Every structure is written in C-alpha cells, then in structure tokens.
Amino acid sequence: MTMSETRRTIASGTAVVNGIGVASGLKITDAKVFTCCPGRNFVTLKIYTDGGIYGLGDATLNGRELAVASYLTDHVIPCLIGRDPFQTEDIWQYLYRGAYWRKGPVTMGAISAVDVALWDIKAKALNTPLYNLLGGKVRNGVMVYGHANGASIDQAIEEVRGYAERGYLAVRTQCAIPGLPSTYGVSKDKMFYEPATLGQPEENVWSSESYMRHVPKLFERVRTALGEDLHLLHDVHHRLTPIQAGRLGKDLEPYRLFWLEDAVTAELQEGFRIIRQHTTTPLAVGEVFDSVWDARQLVTEQLIDYLRMSVRAGGITAMKKIAALADLYHVQIGSHGATDLSPVMMGAALHFDMSTTNVAIQEFMRHTPETLDVFPRAYSYADGYMQPGDAPGHGVDFDEERAAHYPYKRAYLPVNRKVDGTLWNW
Ligand code: KDG
Ligand code: MG
C-alpha cells in the first residue's frame, strides 16, 4: 500500500472491534516475538497490519528474557488482533488496567514493546519521523554519555581521555576497587560492556568500605588530568546504604559530578531523604523502575535530580506522562541506554528525547557489530550528540534472516556478595 492509499484509508469510515471504533482504517492482523543472541540476548516484537506496515518494539529483560516473550505470545498478542494500531492510548490502558495484575518488569516490558511498535506503525503510516507525533523537535541533538572504565585509575583516565577525544561531552567513569577480585560495571572488554554471562550467574565480591575510600581518589585524579569542562558521571549500582551514600556524595562534591547514579536501592523511596540531607552531589536513579509509582515520591519530594527510567517502563505513552510529572518538580530525564536495551529501544528513546524538554542526557553504550548487523538503524552519533534520523517511524528495523544466525542463549546478570559471603544488593 502506498502512503497516499494509506492516508485515504485512514480518512474512511469507522468499524467496531471489541467495543472500540476502528477509525484509522488499519487493523492489526498478527504479531510475532523473536528471541535472538547477536552478541547478547534480545526479544523483539513485530506487529503486522493489513496495510502492509509493521511496527517493532523491544521486550528485552536482561536475564529474564523468555518470561516477557511468553507474556507477549501467550497473553498479549491474542488480544491485539483486529485492533486499530493508532489507538496507542486505549491499547495501553487495555493492557495495563485490563490485565488486573499491574506493574512489574515483565508486564511493563511487554506493554512497552507493544506501545513502541504501535507508535512506529502510526508514524510510518503518516510518513513522518516519530518525534513529530510526540511534539516535534525541541533540540538540535541529544547529548549522550559514554562508558569509561579501567582496572586501575590510570587506565580509567586513559579511557575517559579517549572519549573526550572522540567528542563526548559526558563520560560515566568506573574503576576496579583494589583488593576485590571483580567489580560490577568494570568491563573486561575495552570496547563493549556486558554484565550478563552465559551459564550460571557470576558472583561478585563487595566491600562498601574499600569502595568508598577509592572512588574519591578516582575522581580527584580524573579532574586533575582532564580539567573542569567534561561532565563526569558515576554509577554505584545500588550498593550503599543511605548514610554511606550521603558520605560518598559529600566526598565527591569537589569534583562536581553531573550525577551519582543508583547510590542505594530505591524500593524505599523516602530513604533518599537521608542522602539529600548530606550532599549537594546531584542524584540519579530509576533504570530498574517500571512504572510511575516507583518514582512518585522521589519526584514529588524532589529527592532526586535525574530520573533514569527508559521507554522500557511502559513505552512512549508512559514516558511522556512520567516526564511531564517530573518536569513540574524540576526533575530531568536521563534515560537508561545499556546494551541490553536493543537498538529498537534506542531508536524509540532518541525520538522521545528529541521531543521532550526536560530530557538532559541519554546513556549510550556501544552495541557489538553482531547486534548492529541484526538491527539496521537511522540513528547516529557525532560530536557528543545523537540524532534519531528522519526515517518514518522510529527508524530501526529488524533483519529476521540475520537474527536466525544467532539463537537465544540463557544468560544471567551477576549476583553480589559482601566479603563475608552475605548476599548484598547487586
Ligand atoms: O541489565 C543491567 C544493565 O542494564 C545495567 O548494568 C547497566 O547500570 C547500568 C547502566 O547504568 O547502564
Ligand atoms: Mg546504572
């Protein structure tokens, strides 16, 4: 079907499917879930319409991929057939409210994949880049941060320098902690960071005391070597208690971090009050959140500065509302963008970022060549900023033939134990 044919159909009459009028003239005819492992595991949802247009969504949940694949195949897809793909709001509500069982990473990951695929269809049918349906461009590009890490402070400094030389304006900086056999977030591979491993989960060993002594030394050295201008970020991976986080934030104040991420676990949202009482280092949290309810108190009490939720938390439909709430409370968005979010999610995130005023920054972790081989994409990086591209839809495709060369492999994120063996926050 050509674009003008699609538009004519859109203008034509209204049919009724399951109590809701079908006004766009398009209907969902089928949907399929693909699991593959091109460098790492991904779960990709493809929704087909009778207009020949399809949409893609990412349903990857690191270490629990097959749960979302089953949720979609066994429970969601049968309810989509015959619906109007333009009804993103009603279908979101149908899947969220209608299921009775709300929230959770599996449910919300599945809803996100459907929502993103539907926005992709709508933008393709209207022959426009997705950002135009989300308010249009509000900036020239999306500032991104890269990932530097080293087995020593010297190595970390060289990595940060490499990013600065490639034009990055912001760099997340991590470093191995002396005396600990491994440190989560510090990769063995210089180019690609992948915390999930095949087989049984790896076990890391943790000492908050050693960590808290070492990190200020890292940032003192990085600032001395690279100056004041570069934005520096750091991820604690939820490993401290609130008072420890307050102490670390205070010790890092001279180095003026852009943010200190996931300093503590955030199930107890009011726990952040303690951190806030002790430091002016900006706080970021939220990559594991899956609904606005995980962030409500953090946002409305202004306990954080940056919300790290991504389109995975219920899709574009949810993230636009969450960002609007955050904007009222001077909280900015800095979406999660690790390698376990597929290029489809990255594409959708960049359209969201491009059209949302209180987005401050976007995480950009390089995907492997195998991953990029499977997901042709319109987005690009240059001089510290990313562009979503101007292809209709979110601009990311899925090559089923290439994907078939990379079958799914079970993999897990590592678990984390204190030096004495006690299981601790990951
Ligand atoms: O699946 C877990 C990863 O996405 C996570 O380790 C990455 O903490 C992370 C980050 O900030 O990107
Ligand atoms: Mg993180």
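If you're wondering where the values come from, they're calculated on a predicted model, not measured in any experiment.

1. Describing the coordination of the magnesium ion (ligand 2)
Think of it this way: four donors in a tetrahedron around the metal ideally sit 109.5 degrees apart, and six in an octahedron ideally sit 90 or 180 degrees apart. Coordination of the magnesium ion (ligand 2) by the protein comes from D235 (OD), E261 (OE) and E287 (OE), over a distance range of 2.0 to 2.1 Å. For the magnesium ion (ligand 2), the donor residues sit on a single chain with the sequence spacing D-x25-E-x25-E. Linking E261 in strand β11 (residues 259–261) with E287 in the loop between β12 (283–285) and α9 (296–300), this pair joins segments that are 26 residues apart in sequence. This pair shows no difference in class: E261 is buried, exactly as E287 is.

2. Describing the confidence of the model for the protein
Looking at the protein as a whole, the pLDDT averages 94, with 94% of positions reaching at least 70. Note on residues 1–16: pLDDT under 50 across the span, and 29 contacts to partners over four residues away in sequence or across chains.

3. Some remarks on the sheet that holds strand β20 (residues 423–424)
The mixed open sheet is built from 3 strands, whose spatial order is β9-β19-β20. Every other strand in the sheet has two partners, leaving β9 (203–206) and β20 as the edge strands with one partner each. Note that strand β19 (residues 415–418) and β20 share 2 bridges and pair antiparallel. Bridge pairing in β20 places N416 opposite W424.

4. Things to note about the environment of H231
In this fold, H231 is placed in strand β10 (residues 231–235). On the basis of relative accessible area, H231 is assigned to the partly exposed category, the value being 29%. Taking the C-alpha atoms as reference points, H231 and R172, 59 residues apart in sequence, are found 8.4 Å from one another. When sequence neighbours within four positions are dropped, the list of residues in contact with H231 reads M143, L169, A170, V171 and F258.

Quick notes on the rules
Residues numbered from 1 in each chain as written. Chains lettered and ligands numbered in written order. Predicted model: local features only at pLDDT ≥ 70, side-chain atom pairs only at ≥ 80, totals over all residues. Heavy atoms only, no water. Donors = N, O, S within 2.8 Å, 3.2 Å for Na, K, Ca; no water. Helix = DSSP H or I, 4+ residues; strand = E, 2+ residues; numbered from the N terminus. Buried < 20%, exposed > 50% of the residue type's maximum accessible area, 1.4 Å probe, protein only. pLDDT = per-residue confidence, 0-100. Contact = heavy atoms within 4.5 Å. Pairing = 2+ DSSP bridges.

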